[in-house]
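So the chains spell out like this:
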Amino acid sequence: MSHSHYFSSQTALLAPEKTRDLPLISHEIGEIALQFFTARAVFSKSGFDAGSDLLLKTFFARQSHATEPIPNIGDLGCGYGAIGAFCAAQFPTSRVFSADINARAAQLCALNYAKNNLQNGFAWCGDGFSAVPDAFFGAILFNPPVRAGNATIAKLFGHCERTLRENGQLWVVLRTAQGAKSWAKKLEAQFGSCQTLQISAGYRVLLVSKR
């Protein structure tokens, strides 16, 4: 089955009357339990993605030692908003900005922020972070759309480099079998550093700090 519709801006929006009967999935990380509307033509519609779960747990564990809150957090390629919603719940004093080129995904993300009463979360449909000012984010979390191709992923990493502030952090999760080691080398060349923080169940969590 083709997954290209995940990365298409032509995916139709759901009619308002359709959103009332969408399937719901639930997920917990630590003491946070959230619910998510899902639908066809969005990533991981049948359950919470294991890579996103590992990314969030690793990110939260590292942030537990932080001395200052992150004012702006980016959720790139947000899908139905799984990563952004957990970040908004975990860091209520931070603003979380979620973007996806898939209009239905962005619509669902906005619905899920509202469903979980997360007023510090914001979602829009757009080409990555092309609409975001330079040096805006303190942290970006990214589960790259591998099936969209390397050129698309490289372009989105460019968006991350531009929109991260100095000493901002880019958190990435990738399957080892889908090029995580290769991307780690590319990110190190692009940013000057890239750490592999976690390896589990075929996934790697990478951390890049912008100098």
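Look up a bit, the structure's there.
The structure displayed is predicted, hence computed values, not measured ones. (Residues numbered from 1 in each chain as written. Predicted model: local features only at pLDDT ≥ 70, side-chain atom pairs only at ≥ 80, totals over all residues. Heavy atoms only, no water.)

**A short note on the overall build of the protein**
Here's step 1: When its secondary structure is counted, the protein shows six helices and nine strands.
Here's step 2: Along the longest, intermediate and shortest principal axes, the C-alpha atoms of the protein span 50 × 40 × 35 Å.
Here's step 3: Taking contacts inside the protein between residues at least 6 apart in sequence as the whole, the part at least 24 apart equals 71%.
Here's step 4: Element-wise, carbon and sulfur atoms account for 50% of the exposed surface of the protein, whose accessible area totals about 10,000 Å².
Here's step 5: Treating the 20 positive side-chain charges of the protein as one cloud and the 14 negative ones as another, the clouds have centres 6 Å apart. (Helix = DSSP H or I, 4+ residues; strand = E, 2+ residues; numbered from the N terminus. Contact = heavy atoms within 4.5 Å. Areas by Shrake-Rupley, 256 points an atom, 1.4 Å probe, with all protein chains shown as cover. Lys, Arg positive; Asp, Glu negative; His and termini not counted. Charge placed at Lys NZ, Arg CZ, Asp CG, Glu CD.)

**Observations concerning the nonpolar core**
Here's step 1: Counting residues in each nonpolar core, the largest one holds 39 residues, and the members touching the most others are Phe36, Leu56, Phe59, Phe60, Phe86, Cys87 and Leu141.
Here's step 2: Listed by contribution, the elements that provide at least two residues to this core are strand E1 (24-29), strand E2 (32-37), helix H2 (50-63), helix H3 (82-90), helix H4 (103-115), strand E6 (137-142), strand E7 (164-175) and strand E9 (203-209).
Here's step 3: Among the elements that line this core, the one with the most residues is H3, at six residues.
Here's step 4: Among residues more than four places away in sequence, those in contact with Phe36 are Pro23, Leu24, Ile25, Phe48, Tyr80, Gly81, Ala82, Ala85, Phe86 and Asn112.
Here's step 5: Core analysis: the next-biggest nonpolar cluster, separate from the first, contains 24 residues, Ala99, Leu156, Leu170 and Val172 among them. (Core = buried A, V, L, I, M, F, W, Y, C linked by side-chain atoms within 4.5 Å. Buried < 20%, exposed > 50% of the residue type's maximum accessible area, 1.4 Å probe, protein only.)

**Things to note about the pairing of strand E4 (residues 95-100)**
Here's step 1: Among the six residues of E4, five are classified as buried, and the element is accordingly described as predominantly covered.
Here's step 2: Looking at chain direction, strand E3 (residues 72-76) and E4 are connected through five bridges and run parallel. Paired with Gly74 across the strands is Phe97, a residue of E4.
Here's step 3: Traced from E3 through H3 to E4, the parallel crossover comes out right-handed. (Pairing = 2+ DSSP bridges. Right-handed = clockwise from strand over helix to strand, strands pointing away.)

**A few points about the packing of H2 against H3**
Here's step 1: The geometry of H2 relative to H3 is characterised by a closest axis approach of 10 Å and an angle of 25° between their N-to-C directions. Relative to H3, the element H2 is oriented roughly parallel. Here H2 runs over H3; the crossing is right-handed. Along the contact surface, H2 presents Ser52, Leu55, Leu56, Phe59 and Phe60, while H3 presents Ala82, Ile83, Phe86, Cys87 and Gln90.
Here's step 2: Class assignment for the residues of the contact of H2 with H3 results in eight nonpolar, two polar and no charged. (Axes fitted to C-alpha atoms, helices over the stretch in contact; angles between N-to-C directions. Parallel < 35°, antiparallel > 145°, perpendicular 65-115°, else oblique. Left-handed = near helix turned anticlockwise from the far one by under 90°. Nonpolar A, V, L, I, M, F, W, Y, C, P; charged D, E, K, R; others polar.)

**Here's the deal with the environment of Phe142**
Here's step 1: For Phe142, the location among the structural elements is in strand E6.
Here's step 2: With a relative accessible area of 0%, Phe142 lands in the buried category.
Here's step 3: A C-alpha to C-alpha distance of 10 Å links Phe142 and Ile153, two positions 11 residues apart in sequence.

**So, the pattern of salt bridges**
Here's step 1: Counted according to the given criterion, the structure contains three salt bridges.
Here's step 2: Close ionic contact of Lys155 with Asp127 constitutes a salt bridge, the shortest N to O distance being 3.0 Å. Remark: Asp127 occurs in the loop between strand E5 (121-125) and E6 and Lys155 occurs in helix H5 (residues 150-163); sequence separation between them is 28 residues.
Here's step 3: With relative accessibility at 39%, the residue Lys155 sits in the partly exposed group.
Here's step 4: Since its relative accessible area comes to 33%, Asp127 is described here as partly exposed.
Here's step 5: Among the salt bridges present, the one from Arg162 reaches Asp134, with a minimum N-O distance of 2.7 Å. Within this pair, whereas Arg162 is found in helix H5, its partner Asp134 is found in the loop between E5 and E6, the two being separated by 28 residues in sequence. (Salt bridge = Lys/Arg side-chain N within 4 Å of Asp/Glu carboxyl O.)

**Regarding H5**
Here's step 1: The terminal C-alpha atoms of H5, which comprises 14 residues, lie 20 Å apart, in line with the 20 Å expected from a rise of 1.5 Å per residue.
Here's step 2: Along H5, the residues classified as buried are Ile153, Leu156, Phe157, His159, Cys160 and Thr163. The arc that holds the buried residues of H5, viewed along the axis, is 150°, so those residues lie on one side.
Here's step 3: Where the residues of H5 are buried, they touch E3, E6, E7 and helix H6 (180-191). (Expected span 1.5 Å × (residues − 1). Arc of directions from axis to C-beta.)

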